[in-house]
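# Summary of structural features
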Amino acid sequence: MTEKKKSGFIPGLISGMATTAKTAMRPADTQHYPDEKPALPPRSRGVIALQTDNCTSCMLCARECPDWCIYIDSHKETIPPATEGGRARQQNVLDRFAIDFSLCMYCGICIEVCPFDALFWSPEFEYAETDIRDLLHEKDRLGEWMATVPPPAAIDPGADLTKTDGPEADS
Ligand code: SF4
Ligand code: SF4
């Protein structure tokens, strides 16, 4: 080792040890999951929950899904007229609604396009499986996740409600 290199080695070593000592004194930033649950951001995309009663089997979400990982089956039922002389109505009855989370890329398009508020983001993320085929979840499981959906965020105090398309704009 040359004299020049030796002279830079000692200060470098001292500075490195000082950094190590300083870091060793600092409390750890890591969280002890699963004993300690992570504090997730309010709009976390953990899993998609289904409000089964709101779903009309319109198929819009399945058609718009870029991964084709939403599977819907339904049948039509005839609803008798509510009043005498009225007309019977046809209604879709949801038989199957499933999402394959091994294909889903969590883009949120299905949630955005649903016209009936039947799909929601849940922050729930603890649904890992050891077999990829078990990531296909049916409507019962998707419905259970509704309990974990947070209430909608409050409107930003600075929001100008006169510029929305909602009923506020007309008032
Ligand atoms: S989040 Fe995107 S990829 Fe996943 S099911 Fe919805 S539309 Fe399909
Ligand atoms: S878009 Fe909404 S209402 Fe239509 S099938 Fe999908 S979840 Fe059901």
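Residues numbered from 1 in each chain as written. Chains lettered and ligands numbered in written order. Predicted model: local features only at pLDDT ≥ 70, side-chain atom pairs only at ≥ 80, totals over all residues.

Across its full length, the chain carries five helices and five strands. Walking the chain from its N terminus toward its C terminus, one meets helices and strands in the order α-β-α-β-β-α-β-β-α-α. Its C-alpha radius of gyration of 27 Å places the chain more than 25% over the 16 Å reference for a compact globule of 171 residues. For the chain, the proportion of its 171 residues judged to be buried stands at 11%. In the chain, the proportion of contacts linking residues at least 24 apart, taken out of those at least 6 apart, comes to 74%. (Helix = DSSP H or I, 4+ residues; strand = E, 2+ residues; numbered from the N terminus. Rg over C-alpha atoms; globule rule 2.2 N^0.38 Å. Buried ≥ 20, exposed ≤ 12 C-beta atoms within 10 Å, placed from the backbone. Contact = placed C-beta atoms within 7 Å.)

This paragraph deals with the site of ligand 1. The full set close to ligand 1 counts 13 residues, and Cys65, Cys104, Cys107, Ile109 and Cys110 are the nearest of them. Looking at the shell around ligand 1 residue by residue, the classes come out as 11 nonpolar, one polar and one charged. (Near = placed C-beta within 6 Å. Nonpolar A, V, L, I, M, F, W, Y, C, P; charged D, E, K, R; others polar.)

The subject of this paragraph is the site of ligand 2. Around ligand 2, the surrounding shell consists of Cys55, Thr56, Ser57, Cys58, Met59, Leu60, Cys61, Ile72, Cys114, Phe116, Ala118 and Leu119. When the residues that make up the shell around ligand 2 are grouped by side-chain class, the tally is 10 nonpolar, two polar and no charged.

What follows covers the nonpolar core. Within the largest apolar cluster, 17 residues are counted, with the highest numbers of intra-cluster contacts made by Ile48, Ala49, Leu50, Cys61, Cys110, Leu119 and Leu142. Contributions of two or more residues to this core are made by strand 1 (47–50), strand 3 (89–100) and strand 4 (119–122). Tallying contributions element by element places strand 1 first for this core, with four residues. (Core = buried A, V, L, I, M, F, W, Y, C linked by C-beta atoms within 7 Å.)

The next subject is the UniProt feature "binding site: [4Fe-4S] cluster 1" (unreviewed entry) in the chain. As annotated by UniProt and renumbered to match this structure, "binding site: [4Fe-4S] cluster 1" (unreviewed entry) occupies Cys55, Cys58, Cys61 and Cys114. The greatest C-alpha distance among the residues just named is 10.4 Å, despite their covering 60 residues of sequence, which places them together in space. Within the element layout of this structure, Cys61 appears in helix 2 (residues 60–64). What Cys61 contacts, discounting residues up to four positions off in sequence, is Ile70, Cys110, Val113, Cys114 and Leu119. Its place among the elements puts Cys114 in the loop between helix 3 (109–113) and strand 4. (UniProt positions renumbered as here; feature names shortened; annotations may be inferred.)

Right, let's talk about unusual backbone geometry for a bit. Generally, phi is negative for residues other than glycine and the peptide bonds are trans, each holding for most cases. For the bond from Tyr33 to Pro34, the omega torsion is 10°, close enough to zero to count as cis. With respect to the helices and strands, Pro34 occurs in the loop between helix 1 (3–25) and strand 1. Positive phi, normally seen in glycine, also occurs at Tyr106, with a value near 60°. On the secondary structure map, Tyr106 appears in the loop between strand 3 and helix 3.

Attention now moves to the pairing of strand 1. Both faces of strand 1 are covered, namely the face carrying Val47 and Ala49 and the face carrying Ile48 and Leu50. Note that strand 1 and strand 4 share four bridges and pair antiparallel. What sits directly across from Ile48, in strand 4, is Trp121. (Pairing = 2+ DSSP bridges.)

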